[in-house]
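# Fold and contact review
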Amino acid sequence: MLKLILYEWKKLWKNASVLKILLLFWVLSGVIFQGELNQDKEAHQTYLEFHKATDNMTEKEAENWLLEQQEKGNTGYGEYKALLYLEDEISAIKDYDTYRESIQNRYQQSQNISVFAKDEKENQYMERIAKKYKELAVEAPMKRQPYQGLLKVLDFYVQYILAIVLLIYLVSVVFIQEQRNGKADFARTMLKGKNPLFCAKACTVYGTLLIYLFGTFFIHLALAFGTYGMISMDAAIQSVPGFYAVPYAWSIGMYIIAYGAMQGLAAFLLTAIAVFLARWSVSEVKTAFGIMLVMGWSLFCQNTMTGEGFEAVFRIWNIWGAFTGKSIIGNYEILRFGNILVEQSLGIPLCIIVAVFFLIIGGIHCPKEREKKYYRKEKRKRYPHGLFYYEMKKLWIYQGGIILFAACMCIQAMTVYRYKTYVGTDEFYYQKYIDEFGNRITAETDEKIAAEKMRLGHLEEELSQTEDFVKSYKLTQDLECVGGFQKYVERTENLLAENKKPILLKDKQYELLFGNTEVSQMMVILLCVSFAFLIPSVYQKEKETGMEVLQNTFRFGRGKLWRLKIETVLLYCIPFVLFSGAMVFMKEKKTYDLEWMSPIGCLSQYWEQDTSIPVWTVFVAGIILQCIVTAVVVIFLSACAKRVRNQHMLTGMILGVLAVPVILSSYVPVRALNWAHHLFFVFTADLKIVVVICFILGTVVFLMTRRERKI
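Residues numbered from 1 in each chain as written. Predicted model: local features only at pLDDT ≥ 70, side-chain atom pairs only at ≥ 80, totals over all residues. Heavy atoms only, no water.

## Some thoughts on the overall build of the protein chain
We count it as follows: Here a helix means four or more residues in a row that DSSP labels H or I, a strand means two or more in a row labelled E, and each is numbered from the N terminus. Only protein chains enter the accessibility calculation, which uses a 1.4 Å probe; a residue whose area is less than 20% of its type maximum is buried, one above 50% is exposed, and one in between is partly exposed. Residue contacts are counted whenever heavy atoms from the two residues lie within 4.5 Å of one another. Throughout, the Shrake-Rupley method with a 1.4 Å probe supplies accessible areas, and for residues the shown protein chains are the sole cover considered.
Of the regular secondary structure elements, the protein chain holds 32 helices and two strands. A buried classification covers 49% of the 711 residues belonging to the protein chain. Intrachain contacts of the protein chain at a sequence separation of at least 6 include 79% that bridge at least 24 residues. For the protein chain, the exposed area adds up to about 37,600 Å²; of that, 61% sits on carbon and sulfur atoms.

## Details of the packing of helix α1 (residues 2-13) against helix α12 (residues 195-228)
The following threshold applies: Only C-alpha atoms enter the line fits that serve as axes; for helices the fit covers just the stretch in contact. Angles between N-to-C directions range over 0 to 180 degrees. Here roughly perpendicular refers to angles of 65 to 115 degrees, roughly parallel to angles under 35, roughly antiparallel to angles over 145, and oblique to all remaining angles. Take the far helix as the reference: if the near one is turned anticlockwise from it by less than a right angle, the crossing is left-handed, and if turned clockwise, right-handed.
The geometry of α1 relative to α12 is characterised by a closest axis approach of 8 Å and an angle of 55 degrees between their N-to-C directions. Relative to α12, the element α1 is oriented oblique. Viewed along their axes, α1 and α12 form a crossing whose handedness is right-handed. Judged by residue contacts, Leu4, Ile5, Glu8, Trp9, Lys11, Leu12 and Trp13 of α1 engage Pro196, Leu197, Ala200, Lys201, Cys203, Thr204, Gly207, Thr208 and Ile211 from α12.

## Observations regarding the nonpolar core
Definition in use: To define a nonpolar core, start from buried Ala, Val, Leu, Ile, Met, Phe, Trp, Tyr and Cys residues and group those joined through side-chain atoms within 4.5 Å.
Judged by nonpolar contacts, the single largest core of 191 residues is most densely connected at Phe514 and Phe531. Counting residues in hydrophobic clusters, the runner-up holds 13 residues, among them Ile103, Tyr107, Met126 and Ala130.

## Some points on the pattern of salt bridges
Counted only if it meets this: Think of a salt bridge as a Lys or Arg side-chain nitrogen and an Asp or Glu carboxyl oxygen that are within 4 Å of each other.
One pass over the structure, following the stated rule, counts eleven salt bridges. Aspartate 507 serves as the salt-bridge partner of arginine 491, at 2.8 Å between the closest nitrogen and oxygen. Here the residue arginine 491 occupies a position in helix α24 (residues 482-497), and aspartate 507 occupies one in the loop between α24 and α25 (511-514), the gap between them amounting to 16 residues. The buried category is assigned to arginine 491, whose relative accessible area is 9%. Owing to a relative accessible area of 14%, aspartate 507 belongs among the buried residues under this scheme. Among the salt bridges present, the one from lysine 508 reaches glutamate 511, with a minimum N-O distance of 3.6 Å.

## Remarks on the packing of helix α22 (residues 443-465) against α24
A pair of packed helices is captured by two measures, namely the crossing angle of their axes and the spacing between those axes. As a reminder, the rule being used: Any residue outside Ala, Val, Leu, Ile, Met, Phe, Trp, Tyr, Cys, Pro, Asp, Glu, Lys and Arg is labelled polar, Gly included; the first ten of those are nonpolar and the last four are charged.
With their axes 12 Å apart at the nearest point, α22 and α24 run at an angle of 150 degrees to one another. Classified by the interaxial angle, the pair formed by α22 and α24 is roughly antiparallel. For the crossing formed where α22 meets α24, the hand is left-handed. Contacts between α22 and α24 involve Thr445, Ile449, Glu452, Lys453, Leu456 and Glu460 on the former and, on the latter, Val482, Phe485, Tyr488, Val489 and Thr492. The residue makeup of the contact of α22 with α24, split by class, is six nonpolar, two polar and three charged.

## Quick look at α24
Going by this rule: A helix's residues, less one, multiplied by 1.5 Å, set its expected span.
Its 16 residues give α24 an end-to-end C-alpha distance of 22 Å, which sits within 8% of 22 Å, the value for a rise of 1.5 Å per residue. As for α24, its buried residues are in contact with α21 (425-437) and α22. Phi turns positive, to about 60 degrees, at asparagine 499, one or two residues after α24.

## Section: the packing of aromatic side chains
Our working rule: Any two rings among Phe, Tyr and Trp, with Trp reduced to its six-membered ring, count as a pair given centres within 6.5 Å; such a pair is stacked if its planes are under 30 degrees apart, edge-to-face if over 60, and tilted if neither. Counting as a charge over the ring demands two things of the Lys NZ or Arg CZ atom: a distance within 6 Å of the ring centre and an angle within 35 degrees of the ring normal.
A complete count under the given rule lists 39 aromatic pairs for this structure. Ring centres of phenylalanine 33 and phenylalanine 156 lie 5.1 Å apart, and the angle between their planes is 75 degrees; on these two criteria the pair is classed as edge-to-face. Of this pair, phenylalanine 33 sits in helix α2 (residues 16-38) while phenylalanine 156 sits in the loop between α9 (148-155) and α10 (158-180), and the two are 123 residues apart along the sequence. Using a relative accessible area of 5% as the deciding quantity, one classes phenylalanine 156 as buried. These aromatic residues form a ring-pair network of at least three members: Phe514, Phe585, Trp596, Tyr606, Phe619, Phe681 and Phe683. The ring of tyrosine 430 has lysine 487 lying over it, and the distance from NZ or CZ to the ring centre is 4.8 Å.

## What about a nonpolar patch on the surface?
The test is simple: Within this analysis, patches are made of residues with over 30% relative accessible area and no salt bridge. Like charges are joined at 9 Å or less; nonpolar side chains (Val, Leu, Ile, Met, Phe, Trp, Tyr) at 5 Å or less.
Together, Met597, Trp616, Val620, Ile624 and Ile628 make up an exposed nonpolar region whose accessible area comes to about 510 Å². Tracing the chain through its elements places isoleucine 628 in helix α29 (residues 615-643).

## Topic: the pairing of strand β2 (residues 340-343)
Convention followed: In short, DSSP must find at least two bridges between two strands for them to pair.
Inspection of the sheet shows strand β1 (residues 334-337) paired to β2 by four bridges, in the antiparallel sense. Its bridge partner being in β2, leucine 335 is matched across the sheet by valine 342. With antiparallel pairing between neighbouring strands as the criterion, β1 and β2 make up a hairpin whose turn holds two residues, including glycine 338 at a positive phi of roughly 70 degrees.

## Structural notes on the environment of tyrosine 206
Heads up, the condition is: Whenever a nitrogen or oxygen atom comes within 3.5 Å of another N or O atom, the pair is scored as a polar contact, on the condition that within protein one atom can donate a hydrogen and the other can accept it, and that pairs from neighbouring residues in sequence are kept only if both atoms are in side chains.
With respect to the helices and strands, tyrosine 206 occurs in helix α12. Tyrosine 206 sits 69 residues away from valine 275 along the chain, and the two C-alpha atoms are 9.9 Å apart. Those residues in contact with tyrosine 206, other than ones at most four positions away along the chain, are Gly264, Ala267, Phe268 and Thr271. A polar contact of 2.8 Å, which involves the side chain of tyrosine 206, links it to the backbone oxygen of glycine 264.

## Examining the side chain of serine 172
In this fold, serine 172 is placed in helix α10. Given the relative accessible area of 1%, serine 172 is considered buried. Every residue in contact with serine 172, bar those within four places of it in the chain, is listed here: Gln177, Glu284 and His648.

## Some points on the state of the cysteines
Keep this limit in mind: Two cysteine sulfur atoms form a disulfide, by the criterion used here, when they sit within 2.5 Å.
Under the defined criterion, the tally for this structure stands at zero disulfides. With no disulfide partner, cysteine 203 has as its closest neighbouring cysteine sulfur the one in cysteine 199, 6.5 Å distant. Cysteine 408 carries a free sulfur, and the closest cysteine sulfur to it, the one in cysteine 410, is 9.3 Å from it. With relative accessibility at 4%, the residue cysteine 408 sits in the buried group.

## With respect to the confidence of the model for the protein chain
Spelled out, the test is: For every residue, the pLDDT score states the predictor's confidence, bounded by 0 at the bottom and 100 at the top.
Per-residue pLDDT for the protein chain averages 81, and the proportion of residues at 70 or more is 88%. For residues 368-379, every residue scores under 50 in pLDDT, and the model assigns this stretch ten contacts once sequence neighbours within four places are set aside.

Have a look at this one:
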């Protein structure tokens, strides 16, 4: 068995793509995590200086020092965040004993209330929890240290998303590819070619996933310690802010070991599910869709379910909860099933049993092509179909395109539905002035602006003279509208100075249509993921079976078949773009009463463009242009897929070049990362650059096809 595992391990790692993708994901996860650390860059140095000043103090002295700093009224963002971090760390140590006492007091108080005292179920439940925390003997020292780096490591989650992508790739290489090319069927005829070989392959996938997870954790830990400083691992985990509810007498080092064990358990369960799906579907798309459903269910259970019994089982024991660990080992819960109380630790063997069950089912021999007998009536006539019909059937049915399309549309719909436009104080009052004064600049607008300036001037003068605290607070609230009023005045003056149509538009209400938002980013990411999973596989089947050579010998076998394949992919991608635009349009139409006939030049985003084209025309033209750009990219990627030998390498390149920069742009403030977003979401791009890129891609495709015709 060990030799089989070593053989499968060697065979997997001899594939250069595995090592490249693993290194790419490590670098990608590290860059995103560093971007997460840099979000509080202003507070880093101040936070470390505060710790340097208080590390040698007692808890009482540190608390007094903190109160003194807060009374000084540090108004800078860095000082504010640093003091907030330090306050959390002091409170974690100071309030821990109070927290444990509150559990005991809550139980004792319930005994004095007749209703709870007579309720045996509730009484037994609270007694078990009180006993658990009462017997907890925390022997490790409670130390005050710079814990923010450790907290960011434990709360980071992007690496789990990348781990899922890596897992899909691994099961594709180890199981699906061999199943398709017939190597798996041949291996089963050999000695130990059935169950032992299957176990060796599963162990190889699981081991590779563990290497990625543990390697990513240590990379994040090194980056966090490099930013916030080292901490002592022998301190009690309860001294870390947010971990006071841990019901075990562990040090930080012991908690990290338990955290790693939970990640290993989650990876084992997820690997078992992925192997099961890969064996029975023999499709990357269906496997990815199944894993996405499992992870979606895990997130739903953890964030939505609040009940007891079976709801508590799914809320506590799910893959996402096992990955993060805090919901399982970070607090103490007891599952109640009627009169039966069950420790949450029982979920560990249950998860292992479920994972083993999936592995057993997945290990059952599943032929590559299941023979299905269809009993058709002889009277029914069957008409021959053309090549286009079979290409559509292969893409939408056999490759799971319909499942991928439905999943992407559901994700996009959820993103659109959950999106909320953030409106600051100034923007809120600016929109309020538009509602009050009107969105058309007329002769009366100047009179209204002059009257409002006079009113605000009187309020400011009264605020500077009053000494009454209550009246001063009320005047301050009344003057919150100054920023919004100034924006209204500036926008009015700019419209008149630029000789634009005197129409005031609420910019934030048009942000979802024309701005770089999480909705547009999700649309681009899902579109690029669809490229990666569909385009290479459209051509891979013919390459694996040798059918491509036979097709090229027929008349029109090259050009016609290639055009049909492109049309098939376009019938997936073009509706994708159109439906995404339609969902955004319906969202905006339902939420706001937009001025669709107003000139687009009145929006701040298009302020420099002297144009009077209506908003609806620009939106429709932009969607059409997005379809054209998508078609050009599809043709270019199809030309590449036709010539590339390694399907999975092309998939990784598409994800790395197109999807990854869009994901990174949310964490790393680098403008260059938005190039893929601007290419497919043309509202935020320079049209000249988009046209040049499309021209270059079209020229490359023309040269490639011309060279092929000469050959």
